[in-house]
Amino acid sequence: MAEALENSGLLRHVLVVEVGARTAVAACGGLLAQLGAEVVLVEPTRPRTDHKWTDRAVTAAGKRSVVIDHGTPSGRKTYAELMHAADIVLLSSDLDGDAERNRQRTTALREEAESADGSHPRRSKRPERQIVCDITAFGHSGPLAGVSGSEALVEAVSGVAETTGRRDGLPVLLGAPLLEMEAAVYAASAAIAALRARRLSGFGQRVDIALYDVAVNALAAFLPLPFTGRVATRNGNRHPTLSPWNTYPAHDGWVVICAPTDDQWARLCTVMGRPELVHDDLFATTTRRMENVDAIDEVVGAWTAGRPVQECVDALTRAVVPSGPVVPVDELADEPNLRHRSMVRTAIEPGTGRRVLLPGCPVRWGSDAPHQRIPARDADREQVLSRVVNHGRNGIRPLPGAPVAAPVPAPAAAPGSGHPGESASPETSPPDTPPPTRPLEGIRVVEIGMNTVGPLAGKQLGALGADVIKVEPPRGDSNRHNAPLRPDGQSYVFALLNTDKRGLVLDLREEHDRKVLWDLLASADVLIENLKPGSLERLGFGPAQVKSTLPHLVYCSINGFGHHTVYPGRPALDTVVQAMSGVMNTTLVDGVPTKAGISVSDQLGGLFGLLGVLAAVEQRETHGGPGATLDLAMQDGSAWATHRNWNGTPAPQAAIVAGSTGPVLAENGGHTPVATVDEVLAQEQTFARGLIVERPTSDGDRWTVLGPPFRLESTPTDVHSVMPRLGFPDPGLTVEFGARGDTAPTALVSRER
């Protein structure tokens, strides 16, 4: 019998059954396990070597293994019992082969019998208590529904491939399965949100996660270009509008340098020993530096070429110039900050004795997650079955260390079919039951966020129903000023990242406005921020300061390298973090490490903020006690996203090649055109999935924005509105906080919800 594992995680009351073969399913199950859920990995009778099974050790780490033979009555009975006991079931119906075809046949026969007398409509029924999360390439709706697809195929048809690589070369596939990884984080987040909806409503539901939806949402930084008649395409490691911003060869590796502002350029010139370049007409302004980007890259590259990487980085760090080394994937275990934060761990694979590298948990909540064991195949059968066979209407007996959550109605009997997906919903409710409130109804989130990371987390929390109140300084979020702008000066990228939020403008240097923020935090459940480390602490709102007064609050900080770091105060940009997390090293173009075109490090920072907040709210509401303090680093999340490359990278099965009418994806003997971003905006699948929508602001405007990349089918998520102009008054916030104290707040308020 396998040993009992001590469990003190945020999700220690949750039982997950992982069935699907997709890599994203394995990564989602791994995250839920690291957050404390008990994850049972259902393994096939014959070991597989495709999809997530290309690295079984990583797939199985931290989970319990049970081998099930669906061809035997006892196997089907065991499977049915697992499905009956599960809180969350993870599927990938487009890749699950014969078992899925059997499921479809069985379901069709059942629905035909039920609908023979016309008493039941022929449509999918809702699980009574399980959260059934299906991660597929294209989802369950639209013209591509059910089409089986690899990460490479989705990159090609979603526009993601078009954004990666040199402008004068072909598009390039990502060297790590980054869409699968982002889909895994979205799936884990949506499943946890659905658990809260189950507590509010009493029933489970299906969750639909499509890699295509994730990919289109990942294009947010590119969409303003076609919105304004410009071409959105790849640009290598350069920034489309700023310079210097590139990867430069050093004596023993590569260095990323991003110094586009006048001050940063002046400091870089000093470091290079070329102060005269500050006043050179070629480089005197940001516009001139961009016009002469080739010349500026030649100057900077000449300086780095003769020096070791570390010498360059040390000099640039002292001068506070955003920069970093390009860290190879096989050196991540020795990267100082990742080692400091225990993000690369080791375990021994049973049977082979092989030393395996495993990722730590990017959601850090006070203490390190326990080290993960790798179970042998079927190692946990006795223990798992002894815990799941005894279930009744008052809930499921937990596995070790997993106390039962608030009880929900359980079925009287388990079904007998046992096919994946069929018994994942052993009892169902009619699909036309009036829908409950949204999953995060009643949760208030205060967002103090700039640019992408914090705002992305806040945006998705708002789509799930939270009351998100964005606090901005008098000048506003810096994204309000980022080009391209509309003729009225409003920013497209700000609108894309700031939906389903209300706004409050506060100058936290003023005592009165600090009091307003204290009042706001006292009314809130969550604070999420991504300012430069120390900024809020200097104003009296650091984690320890806030939690000493408001212990109930979930306090989530996200920055480049974390608060617990060997790089205090180091500037962090998406490109720098891609370099220092191994992401850039996974994609080589003519031998040059190349960043993902999508801002994946920014996005993963926001997504882990979303996941961490949802897990912390679930833990507080289920187990009580103070809210968690979360210390999240973009570098951690980005390094985690490369973990399928850590123990050897499978030979690529696809490539982009030149076709007669443009670049095409060559995969499995077929050829698929690589879509441009403009083409993706016009695709029927994009509209069928609700990924591009038009929504109003409270000041009478309208914007084209992104729909959410997750679907909770019984508690639908949607985008309702976009934030208005800075300072547009919000009557609700004015009344709520104007009534406090002897005088009304002078803070500007805005409302978009």
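Look above for the structure.
The sections below set out a description of the structure shown in this document. (Residues numbered from 1 in each chain as written. Predicted model: local features only at pLDDT ≥ 70, side-chain atom pairs only at ≥ 80, totals over all residues. Heavy atoms only, no water.)

1. Here's the deal with the pattern of salt bridges
Line of reasoning, step 1. Under the counting rule described, the total for this entry stands at 49 salt bridges.
Line of reasoning, step 2. Between R22 and E180 there is a salt bridge, with its nearest N and O atoms 2.9 Å apart. Of this pair, R22 sits in the loop between β1 (15-18) and α1 (23-34) while E180 sits in helix α6 (residues 178-201), placing them 158 residues apart in sequence. Accessibility assignment for this pair places R22 and E180 in one class, buried.
Line of reasoning, step 3. Beyond isolated ion pairs, a larger network of salt bridges with shared partners links R444, D467, R502, D730 and E736. (Salt bridge = Lys/Arg side-chain N within 4 Å of Asp/Glu carboxyl O. Helix = DSSP H or I, 4+ residues; strand = E, 2+ residues; numbered from the N terminus. Buried < 20%, exposed > 50% of the residue type's maximum accessible area, 1.4 Å probe, protein only.)

2. What about the pairing of strand β7 (residues 205-210)?
Line of reasoning, step 1. Burial analysis of β7 places 5 of its 6 residues in the buried class, which makes it a mostly covered element.
Line of reasoning, step 2. Of the strand pairs in this sheet, strand β6 (residues 131-136) and β7 are connected by 6 bridges, and their pairing is parallel. The residue bridging T136 from the neighbouring strand is A210, located in β7. (Pairing = 2+ DSSP bridges.)

3. Observations regarding the environment of V722
Line of reasoning, step 1. Mapped onto the elements, V722 comes out in the loop between β29 (710-712) and α25 (731-738).
Line of reasoning, step 2. A residue is classified by how much of its surface remains accessible, and V722, at 0% relative accessible area, is buried.
Line of reasoning, step 3. Separated by 225 residues in sequence, V722 and L497 place their C-alpha atoms 8.9 Å apart.

4. What about the sheet that holds strand β25 (residues 663-667)?
Line of reasoning, step 1. The strand order across the open sheet formed by 3 strands is β24-β25-β26, and the pairing between neighbours is antiparallel. Each edge of the sheet is formed by a strand with only one pairing partner; in this case those strands are β24 (654-658) and β26 (670-673). Each adjacent strand pair in this sheet contributes to an overall mean axis angle of 35 degrees, direction not counted.
Line of reasoning, step 2. The sheet contact formed by β25 and β26 spans 4 bridges and is antiparallel. Bridge assignment links E667 to a residue of β26, and that residue is G670.
Line of reasoning, step 3. Along the sheet, helix α5 (residues 151-158) contacts β24, β25 and β26; its crossing angle with β25, the most-contacted strand, is approximately 165 degrees. (Axes fitted to C-alpha atoms, helices over the stretch in contact; angles between N-to-C directions. Contact = heavy atoms within 4.5 Å.)

5. A closer look at the layout of surface pockets
Line of reasoning, step 1. In this structure, the second largest pocket spans a volume of roughly 1300 Å³.
Line of reasoning, step 2. As for the second largest pocket, its lining consists of 41 residues, of which E151, P650, A651, P652 and Q653 are closest to the centre.
Line of reasoning, step 3. Of all elements in the fold, only α5, β25 and β26 reach the threshold of two or more residues within the lining of the second largest pocket.
Line of reasoning, step 4. At 4 residues, α5 tops the list of elements feeding residues into the lining of the second largest pocket.
Line of reasoning, step 5. Considering only residue class, the lining of the second largest pocket consists of 14 nonpolar, 18 polar and 9 charged. (1 Å grid on protein atoms, 1.4 Å probe; cavity = no way out; pocket = protein on both sides within 12 Å on 5 of 7 lines; lining within 4 Å. Points joined across faces, edges and corners; volume = space filled by probe spheres on them. Nonpolar A, V, L, I, M, F, W, Y, C, P; charged D, E, K, R; others polar.)

6. As for the side chain of N292
Line of reasoning, step 1. If you trace the backbone, N292 turns up in the loop between α10 (286-291) and α11 (293-305).
Line of reasoning, step 2. N292 sits in the buried class, given a relative accessible area of 17%.
Line of reasoning, step 3. Engagement of the side chain of N292 in a polar contact is seen with the backbone oxygen of L282, the distance being 3.1 Å.
Line of reasoning, step 4. Excluding its chain neighbours within four sequence positions, the residues that come into contact with N292 are L282 and F283. (Polar contact = N/O pair within 3.5 Å; in protein donor to acceptor, adjacent residues only side chain to side chain.)

7. Focus: the environment of P626
Line of reasoning, step 1. With respect to the helices, strands and loops of the structure, P626 is situated in the loop between α21 (600-623) and β23 (629-633).
Line of reasoning, step 2. For P626, a relative accessible area of 55% corresponds to the exposed category.
Line of reasoning, step 3. Residue contacts for P626: discarding those within four places in its chain leaves P551, Q619 and R620.

8. Here's the deal with empty space enclosed by the protein
Line of reasoning, step 1. Within the structure shown, the criterion is met by 7 cavities of 30 Å³ or more.
Line of reasoning, step 2. For the lining of the second largest cavity, the secondary-structure elements that each account for two or more residues are α1, α2 (56-60) and β12 (355-359).
Line of reasoning, step 3. Sorting elements by how many residues they give to the lining of the second largest cavity places α1 first, with 5 residues.
Line of reasoning, step 4. Its residues assigned to classes, the lining of the second largest cavity comprises 8 nonpolar, 5 polar and 2 charged.

9. Structural notes on helix α3 (residues 73-85)
Line of reasoning, step 1. With 13 residues, α3 extends 18 Å between its outermost C-alpha atoms, agreeing within 8% with the 18 Å of an ideal straight helix rising 1.5 Å per residue.
Line of reasoning, step 2. Of all the residues in α3, the buried ones are G75, T78, Y79, A80, E81, L82, M83, H84 and A85. (Expected span 1.5 Å × (residues − 1).)

10. Here we look at helix α15 (residues 453-463)
Line of reasoning, step 1. Among the 11 residues in α15, 11 count as buried, and that is most of the element.
Line of reasoning, step 2. Once α15 ends, the next one or two residues include G465, with phi positive near 110 degrees.

11. So, the nonpolar core
Line of reasoning, step 1. One finds L32, I135 and W640 to be the most contacted residues of the largest nonpolar core, which totals 130 residues.
Line of reasoning, step 2. Among the elements that line this core, the one with the most residues is α6, at 15 residues.
Line of reasoning, step 3. The residues touching W640, leaving out its near neighbours within four places in the chain, are A27, L31, Q34, M181, A184, V185, M343, P359, G360, P362 and F608.
Line of reasoning, step 4. Counting 23 residues, the second-largest nonpolar core is a separate cluster that includes I469, V516, L521 and L733. (Core = buried A, V, L, I, M, F, W, Y, C linked by side-chain atoms within 4.5 Å.)

12. Here's the deal with the packing of aromatic side chains
Line of reasoning, step 1. On inspection of all chains with the given rule, the structure shows 8 aromatic pairs.
Line of reasoning, step 2. For the ring pair F138 and Y212, a centre distance of 5.9 Å and an interplane angle of 45 degrees mean the geometry is tilted. Linking F138 in the loop between β6 and α5 with Y212 in helix α7 (residues 211-218), this pair joins segments that are 74 residues apart in sequence.
Line of reasoning, step 3. Residue Y212 is classed as buried on the basis of its relative accessible area, which comes to 0%.
Line of reasoning, step 4. Measuring from ring centre to ring centre gives 5.4 Å for Y492 and W703, while their planes differ by 90 degrees; the resulting arrangement is edge-to-face. Of this pair, Y492 sits in helix α16 (residues 492-497) while W703 sits in strand β28 (residues 702-706), and the two are 211 residues apart along the sequence.
Line of reasoning, step 5. Three or more aromatic residues joined by ring pairs make a cluster, and in this case those are F227, Y492 and W703.
Line of reasoning, step 6. Sitting over the ring of W703, R486 keeps its end group 3.8 Å from the ring centre.
Line of reasoning, step 7. The ring of Y567 is capped by R570, whose NZ or CZ atom sits 4.7 Å from the centre of that ring. (Phe/Tyr/Trp six-rings, centres within 6.5 Å; stacked < 30°, edge-to-face > 60°. Lys NZ or Arg CZ within 6 Å of the ring centre and 35° of its normal.)

13. A word on the side chain of K501
Line of reasoning, step 1. As for its position among the elements, K501 is in strand β18 (residues 501-505).
Line of reasoning, step 2. Within polar-contact distance, the side chain of K501 engages the backbone oxygen of L497 at 3.2 Å.
Line of reasoning, step 3. At 2.8 Å, the side chain of K501 forms a polar contact with the side chain of N498.

14. Points about the packing of α1 against α6
How two helices pack is summed up by the angle between their axes together with the distance between the axes.
Line of reasoning, step 1. In the contact formed by α1 and α6, the axes pass within 8 Å of each other and the chain directions differ by 50 degrees. The pairing of α1 with α6 is recorded here as oblique in orientation. Of the two possible hands of crossing, α1 and α6 adopt the one that is right-handed. Counting all contacts with α1, which are made through T23, A24, A27, C28, L31 and L32, the residues of α6 involved are E180, M181, A183, A184, V185, A187, A188 and I192.
Line of reasoning, step 2. Tallied by class, residues from the contact of α1 with α6 come to 12 nonpolar, 1 polar and 1 charged. (Parallel < 35°, antiparallel > 145°, perpendicular 65-115°, else oblique. Left-handed = near helix turned anticlockwise from the far one by under 90°.)

15. Here's the deal with the pairing of β24
A regular strand places its side chains so that they alternate between the two faces of the sheet.
Line of reasoning, step 1. Two elements, β24 and β25, share 5 bridges in a ladder whose sense is antiparallel. Bridge pairing links A654 to E667 in β25.

16. Describing the sheet that holds strand β10 (residues 323-325)
Line of reasoning, step 1. Strand order in the open sheet made by the 3 strands is β8-β9-β10, with antiparallel pairing throughout. On the outer flanks of this sheet lie β8 (245-250) and β10, each paired with one strand and no other. Averaged over neighbouring strand pairs, the angle between their axes works out to 20 degrees when direction is ignored.
Line of reasoning, step 2. Where β8 meets strand β9 (residues 253-258), 6 bridges bridge the pair, whose relative direction is antiparallel. Bridge pairing links N246 to I257 in β9.
Line of reasoning, step 3. Contacting β8 and β9, α11 runs over the sheet at an angle of about 35 degrees to β8.

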